[in-house]
Amino acid sequence: MTAALVTPDRILAARVSAHLARWGIAADDSAGRPLSQSPAGTLLLALADAIAEDLAPVATLALLKHPLVGGEGQERLDWLDHVRDLDLALRGPRPRAGLAGLDERIATLDRRVLDPARAQRAWAKVRPAISDVAKILAGVRDLAGLAMAVLGHRQLHCPRRGRGHPLLGLGQKQHHIR
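Every value quoted in this text rests on a predicted model; they were computed, and no experiment measured them.

## Quick word on the overall build of the chain
Link 1 in the chain: Secondary structure summary: the chain contains eight helices and zero strands in total.
Link 2 in the chain: When contacts within the chain are restricted to residue pairs at least 6 apart in sequence, long-range pairs at least 24 apart make up 50% of them.
Link 3 in the chain: Carbon and sulfur atoms form 56% of the exposed surface of the chain, whose accessible area is close to 10900 Å².

The following block contains the structure:
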């Protein structure tokens, strides 16, 4: 027996698929998954948020913590250690906008929050990636422009071992934004 549900309503399609799954029936959803629910799509949205907020700490940290950012294996674990240190260093009043504000916050860090040398080491590892992306995306004003900017800079989204960009180095999992 075969049945079909044709609907432009993605929520309805998801609900029907969930109900069918309860009975062990796998529904073939030919519409696929929305970009915003894919790993590459959530990375693109995090990137857009960080740029739209002019590298505000919360949006920037969300981008840096994204599962597709920072490499794989030990490289990823080291990256997350640096990001955790930055998370501690950037707590408190929001710094000035952009990289200059983040640089200023790290340079004037209160010793009671985090060892300044530790925060500066973490920032030295993470800052080049943020700086490169900020330069490439300067002037981007909408999501379509963001997608075109990322697609236009192959080094951001097509890394190979030892090559590619650390921020958008999607590694061997091949979750490329194409």
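## Points about the environment of alanine 48
Link 1 in the chain: Here alanine 48 shows up in helix α2 (residues 39-52).
Link 2 in the chain: When the C-alpha atoms of alanine 48 and valine 140 are compared, they prove to be 8.9 Å apart, with 92 residues separating the residues in sequence.
Link 3 in the chain: Residues within four places of alanine 48 in sequence aside, it is in contact with Leu143 and Leu146.

## A few points about the pattern of salt bridges
Link 1 in the chain: Taken as a whole, this structure holds seven salt bridges when the rule is applied.
Link 2 in the chain: A salt bridge links arginine 94 to glutamate 53, with the nearest nitrogen and oxygen atoms 4.0 Å apart. Taken together, the positions of arginine 94 in the loop between α4 (73-89) and α5 (98-107) and glutamate 53 in the loop between α2 and α3 (57-65) put the pair 41 residues apart, joining distant regions of the chain.
Link 3 in the chain: Here the salt bridges share partners, and the residues they tie into one network are Lys65, Asp87 and Arg91.

## Here we look at the packing of α2 against α3
Link 1 in the chain: At a minimum axis distance of 8 Å, the contact between α2 and α3 shows a crossing angle of 155 degrees. As far as their axial angle goes, α3 and α2 are roughly antiparallel. Handedness of the crossing formed by α2 with α3: left-handed. Across the interface between the two elements, Leu43, Ala46, Leu47, Asp49 and Ala50 from α2 touch Ala59, Thr60 and Leu63 from α3.
Link 2 in the chain: Among the residues forming the contact of α2 with α3, the class breakdown is six nonpolar, one polar and one charged.

## Things to note about the confidence of the model for the chain
Link 1 in the chain: With 84% of its residues at a pLDDT of 70 or more, the chain has an overall mean of 80.
Link 2 in the chain: When mean pLDDT is compared element by element in the chain, α3 scores highest at 94, while helix α8 (residues 154-157) scores lowest at 50.
Link 3 in the chain: pLDDT under 50 marks residues 157-163. Its contacts with residues more than four places away, or in other chains, come to 15 contacts.
Link 4 in the chain: A low-confidence stretch, residues 170-178 stays under pLDDT 50, and its non-local contacts, those more than four residues away or across chains, total 26 contacts.

## Thoughts on the nonpolar core
Link 1 in the chain: Judged by nonpolar contacts, the single largest core of 37 residues is most densely connected at Leu64, Trp79, Leu86 and Leu137.
Link 2 in the chain: Put simply, the parts of the chain that give this core at least two residues each are α2, α3, α4, α5, α6 (116-136) and α7 (143-152).
Link 3 in the chain: Looking at this core, the element that brings in the most residues is α6, giving eight residues.

Criteria and thresholds
- Residues numbered from 1 in each chain as written.
- Predicted model: local features only at pLDDT ≥ 70, side-chain atom pairs only at ≥ 80, totals over all residues.
- Heavy atoms only, no water.
- Helix = DSSP H or I, 4+ residues; strand = E, 2+ residues; numbered from the N terminus.
- Contact = heavy atoms within 4.5 Å.
- Areas by Shrake-Rupley, 256 points an atom, 1.4 Å probe, with all protein chains shown as cover.
- Salt bridge = Lys/Arg side-chain N within 4 Å of Asp/Glu carboxyl O.
- Axes fitted to C-alpha atoms, helices over the stretch in contact; angles between N-to-C directions.
- Parallel < 35°, antiparallel > 145°, perpendicular 65-115°, else oblique.
- Left-handed = near helix turned anticlockwise from the far one by under 90°.
- Nonpolar A, V, L, I, M, F, W, Y, C, P; charged D, E, K, R; others polar.
- pLDDT = per-residue confidence, 0-100.
- Core = buried A, V, L, I, M, F, W, Y, C linked by side-chain atoms within 4.5 Å.
- Buried < 20%, exposed > 50% of the residue type's maximum accessible area, 1.4 Å probe, protein only.

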